[in-house]
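If you want the building blocks of each chain, they are given just below.
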Amino acid sequence: GNHLLSLINDILDMSHIESGKIHLDEKLCSLPEILHGLRNILQADIHAKQLELQIDTVDVVDEDIYCDKLRLNQVLLNLLSNAVKYTGAGGHVSMRITEKSGAPDGYGYYEFSIKDSGIGMSPEFVAHIFEPFTQENQDARTNYNGVGLGMSIVKKLVDQMKGSIEVESQAGQGSAVRITLPLRVNQAWS
């Protein structure tokens with residue numbers, strides 16, 4: 001039942017994105033609060049698979065940002081869930097958030113780097129990872145309960161947020177996904 005619900009939600013999201021009906025609702029959010037929420041959502045799966053989860057920040061000066069919290073959570077949760085799903089027992093998953101320099105006034109460039117020690121992917125598959133209904137092999141559907149829409153949705157949402165996404169992977173050696181987003185920061189006026 002949960003798998004079917006997830007599939008229907010992915011198809012509906014893809015349909016809304018394709019038709020241009022997804023509007024980003026940017027509101028003031030706390031980055032630490034978002035990260036804490038993601039950790040809580042993933043905790044049961046992390047514990048069940050005896051994985052090590054590390055989430056940390058580097059050079060993040062502006063923790064209060066304007067974003068569509070629902071969509072940012074959707075992107076990050078999809079990537080972290082994939083990392084957990086495709087990493088075997090005893091492996092590790094990490095997410096590092098870095099605030100990069102060079103953003104226009106009032107904005108920050110936030111880099112979200114998600115890495116895992118999972119099964120990885122061939123470079124040939126990585127070249128097609130953002131195509132809808134794409135999976136490296138048919139066994140993935142049976143073994144991991146996916147249909148190949150998650151990364152397409154992630155790419156379209158990142159594009160809508162005017163960001164970029166890169167994926168690096170080697171079969172048997174894990175994967176790394178890096179998203180960079182320009183996010184408006186909360187500037188306190190005194």
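Values in this document were obtained by computation on a predicted structure and should not be read as measured data.

The rules we used
- Residues numbered from 1 in each chain as written.
- Predicted model: local features only at pLDDT ≥ 70, side-chain atom pairs only at ≥ 80, totals over all residues.
- Heavy atoms only, no water.
- Helix = DSSP H or I, 4+ residues; strand = E, 2+ residues; numbered from the N terminus.
- Buried < 20%, exposed > 50% of the residue type's maximum accessible area, 1.4 Å probe, protein only.
- Areas by Shrake-Rupley, 256 points an atom, 1.4 Å probe, with all protein chains shown as cover.
- Phe/Tyr/Trp six-rings, centres within 6.5 Å; stacked < 30°, edge-to-face > 60°.
- Lys NZ or Arg CZ within 6 Å of the ring centre and 35° of its normal.
- Salt bridge = Lys/Arg side-chain N within 4 Å of Asp/Glu carboxyl O.
- Axes fitted to C-alpha atoms, helices over the stretch in contact; angles between N-to-C directions.
- Left-handed = near helix turned anticlockwise from the far one by under 90°.
- Contact = heavy atoms within 4.5 Å.
- Nonpolar A, V, L, I, M, F, W, Y, C, P; charged D, E, K, R; others polar.

Caption draft 1: Just the overall build of the chain, in detail. Scanning the chain for helices and strands turns up six helices and seven strands. The N-to-C order of helical and strand elements in the chain reads α-β-α-β-β-α-β-β-α-α-α-β-β. Counting every position in the chain, which comprises 190 residues, the buried fraction comes to 41%. By element, 49% of the accessible surface of the chain is carried by carbon and sulfur atoms, the whole surface being about 10,600 Å².

Caption draft 2: Representation of the packing of aromatic side chains within the structure. Using the criterion set out here, one finds zero aromatic pairs in the structure. Over the face of the ring belonging to Phe130 we find Lys155, whose NZ or CZ atom lies 5.9 Å from the ring centre. Seen from the ring of Tyr66, Arg184 lies directly overhead, with NZ or CZ sitting 3.9 Å from the centre.

Caption draft 3: Highlighting helix α6 (residues 150-160). Those residues of α6 that sit buried are Gly150, Met151, Ser152, Ile153, Val154, Leu157 and Val158. Looking one or two residues past α6, Lys162 carries a phi angle of roughly 60°, positive in sign.

Caption draft 4: The arrangement of the pattern of salt bridges in detail. Summed over all chains, the structure comprises six salt bridges. Here Asp25 and Lys27 are joined by a salt bridge, their closest N and O atoms 3.5 Å apart. Put simply, Arg178 and Glu111 hold a salt bridge, and the shortest N to O gap is 3.9 Å. Highlighted residues: Arg178 in strand β7 (residues 175-185) and Glu111 in strand β5 (residues 107-116), separated in sequence by 67 residues. Taking relative accessible area as the criterion, Arg178 reaches 28% and is therefore assigned partly exposed. Glu111 gets classed as buried once you look at its relative accessible area, which sits at 15%. Salt bridges linked by common partners bring Glu111, Glu166 and Arg178 together as one network.

Caption draft 5: Region of the structure containing the packing of helix α3 (residues 69-85) against α6. Close contact between α3 and α6 brings their axes to 10 Å; oriented N to C, the two are set at 145°. Like other packed secondary-structure pairs, α3 and α6 cross with a definite hand, here left-handed. Contact residues: α3 offers Arg71, Gln74, Val75, Asn78, Leu79 and Asn82, while α6 offers Gly150, Met151, Ile153, Val154, Leu157 and Val158. When its residues are assigned to classes, the contact of α3 with α6 shows seven nonpolar, four polar and one charged.

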